[in-house]
Structure formats: C-alpha cells, structure tokens
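Okay, here's what each chain looks like letter by letter:
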Amino acid sequence: MKFRPNRSGINSLMKTPSSGAEISRIAERIASAATSTTGGDFRTDSALGTHRWRAAVIGNYTKHNDIEGTRRALLGGLDGAE
C-alpha cells in the first residue's frame, strides 16, 4: 500500500484561522520562555504566507527605521531572503 497525502487538504488546513492562532500561541510561549531564561528582548511576528501560516521569535535583532521595515526583514528571513 502506498501512502498519498491529500496535499490540497493539508494546504487548506494550514491556512485556517485556528491554525494561525495556534502557531501564534506557540511563538508567544517560545518568546516568553526565552525572555525568562535570558532576560533579553524577544518579540514575535506571524503572517499568512502563500501556502501556510508562519511565525518568528526574534531577539536582539537590528531594528530598522520603522515597524514595517523591521517586519519585512523578519518575514524575509523566514523565507531565506537576505
């Protein structure tokens, strides 16, 4: 028997609001744990990408001149951009 994942079903599941909420909750827990362990300044950001929700926990990063510039740089890093 060969296993064939239902890719369209998986993709649609990864875009639901409940999936996004869970991903955001997990990122917040990671940031909270990192802050309590190291005492640093950790932040989270999440967004719906082309195929899925994504989230990042960032600490001690170089800040850009504005919030949108910082957010763009962080989300670009998630995609492997420079």
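Okay, so let's go over this structure. (Residues numbered from 1 in each chain as written. Predicted model: local features only at pLDDT ≥ 70, side-chain atom pairs only at ≥ 80, totals over all residues. Heavy atoms only, no water.)

What to know about the overall build of the chain
Here is step 1 of the chain: Counting secondary structure elements, the chain contains three helices and two strands.
Here is step 2 of the chain: Counting from the amino terminus, helix and strand elements in the chain follow one another as α-α-β-β-α.
Here is step 3 of the chain: By the burial criterion, 21% of the 82 residues in the chain qualify as buried.
Here is step 4 of the chain: Summarising the internal contacts of the chain: among those between residues at least 6 apart in sequence, 41% fall at separations of at least 24. (Helix = DSSP H or I, 4+ residues; strand = E, 2+ residues; numbered from the N terminus. Buried < 20%, exposed > 50% of the residue type's maximum accessible area, 1.4 Å probe, protein only. Contact = heavy atoms within 4.5 Å.)

Some details on helix α2 (residues 17-38)
Within an α-helix, residues lying three or four positions from one another point in the same direction, as the helix has 3.6 residues per turn.
Here is step 1 of the chain: With 22 residues, α2 extends 31 Å between its outermost C-alpha atoms, agreeing within 8% with the 32 Å of an ideal straight helix rising 1.5 Å per residue.
Here is step 2 of the chain: Residues of α2 that are buried: Ser19, Gly20, Ala27, Ala31 and Ala34. Taken around the axis of α2, the buried residues stretch over an arc of 105°, which confines them to a single face. Across α2 from its buried face, at more than 90 degrees, point the exposed residues Pro17, Ser18, Arg29, Ser36 and Thr37.
Here is step 3 of the chain: Summarising the contacts, the buried residues of α2 are in contact with α1 (7-13), β1 (42-48) and β2 (53-59).
Here is step 4 of the chain: Residue glycine 39 follows α2 closely and has a positive phi angle near 75°. (Expected span 1.5 Å × (residues − 1). Arc of directions from axis to C-beta.)

Remarks on the pattern of salt bridges
Here is step 1 of the chain: Summed over the entire model, instances satisfying the criterion amount to two salt bridges.
Here is step 2 of the chain: Salt-bridge contacts for glutamate 22 lead to arginine 25; the nearest nitrogen and oxygen are separated by 2.7 Å. On the criterion of helical spacing, the pair formed by glutamate 22 and arginine 25 is a turn pair, its members being three residues apart in helix α2.
Here is step 3 of the chain: Judged by relative accessible area, which is 32%, glutamate 22 ranks as partly exposed.
Here is step 4 of the chain: By relative accessible area, arginine 25 is classed as partly exposed at 45%.
Here is step 5 of the chain: Here arginine 29 makes a salt bridge to glutamate 22, at a shortest N to O gap of 3.6 Å.
Here is step 6 of the chain: A cluster of three or more residues bridged by salt bridges with shared partners is formed by Glu22, Arg25 and Arg29. (Salt bridge = Lys/Arg side-chain N within 4 Å of Asp/Glu carboxyl O.)

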